[in-house]
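Residue-level structure breakdown
Here are the chains, one letter per residue:
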Amino acid sequence: MSFTEFKHPLIVDKLTRMRKADTSTKDFRENLNEIAGLMVYEIARDIPLSEIKITTPMGETKGFTIDVPVVIVPILRAGLGMVNGIQELIPTARVAHIGLYRDEETLQTHQYFAKTTKDIAEAYTLIVDPMLATGGSAITAIDIVKKWGAKKIKFICLVAAPEGVKNLQKAHPEIEIYAAALDEKLDSKGYIVPGLGDAGDRIFGTK
Ligand code: URA
């Protein structure tokens, strides 16, 4: 069971910009992608490498190359806001998609879209969603990705609520969870406090 909160000054500064209510859609999106990249730079330390022979202008030597497929799985739609920042660092990463919505009456999570990649069973899989609120979407997304055959799965969010971390750890104790910040609590409507509002609306400029 692991939960890591990133407290690097670059991440804290960018997240503070994102939290401000008057930050523009463009700045919000740019900071989100930058934070996602900074987080993955650290998280990806355990991606396996394999040794290869290469020829430099000076002659033969050995090098190391990433040995496994990397698959990013954004939970639609807000998770899309983290994909570009990760692909800037790992351009060969494929992108699977999971679309979920919550029935406002039953509060159950339902899947409306899911598309995997051909190599997910061997992949280093990064599920991304900016807000880990109740944990319902994250738990369902991990259930789906496990059904696809993924074995090495990490969950990356921007802001987590204690309730979401607890629920996710209970449902999937072996999954490593990473957040830029662990906030105080959820409000009665399931929003994270202090949070940053509705991440999807702020990424896409909707209302
Ligand atoms: N989803 C969001 O976009 N924001 C929250 O605070 C909680 C869930």
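Residues numbered from 1 in each chain as written. Predicted model: local features only at pLDDT ≥ 70, side-chain atom pairs only at ≥ 80, totals over all residues.

- As named in an unreviewed UniProt entry, the protein is Uracil phosphoribosyltransferase, taken from Williamsoniiplasma luminosum.
- The protein has a UniProt comment under Sequence similarities (unreviewed entry) that states "Belongs to the UPRTase family."
- Database annotation for the protein, UniProt heading Pathway (unreviewed entry): "Pyrimidine metabolism; UMP biosynthesis via salvage pathway; UMP from uracil: step 1/1." (UniProt positions renumbered as here; feature names shortened; annotations may be inferred.)

1. As for the overall build of the protein
- Each helix and strand counted, the protein has 6 helices and 13 strands in total.
- For 207 residues, the compact-globule formula gives about 17 Å, and the C-alpha radius of gyration of the protein, at 18 Å, lands near that figure.
- By residue count, 35% of the 207 residues in the protein fall in the buried class. (Helix = DSSP H or I, 4+ residues; strand = E, 2+ residues; numbered from the N terminus. Rg over C-alpha atoms; globule rule 2.2 N^0.38 Å. Buried ≥ 20, exposed ≤ 12 C-beta atoms within 10 Å, placed from the backbone.)

2. Points about the confidence of the model for the protein
- When pLDDT is averaged along the protein, the result is 96, and 100% of the positions lie at 70 or above.
- If you check the scores for this complex, the pTM reads 0.96 and the ipTM reads 0.96. (pLDDT = per-residue confidence, 0-100.)

3. Some details on the site of the ligand
- Within the structure, the ligand sits among Ala 78, Met 131, Ala 133, Gly 190, Tyr 191, Ile 192, Gly 195, Asp 198, Ala 199 and Gly 200.
- Considering only residue class, the shell around the ligand consists of 6 nonpolar, 3 polar and 1 charged. (Near = placed C-beta within 6 Å. Nonpolar A, V, L, I, M, F, W, Y, C, P; charged D, E, K, R; others polar.)

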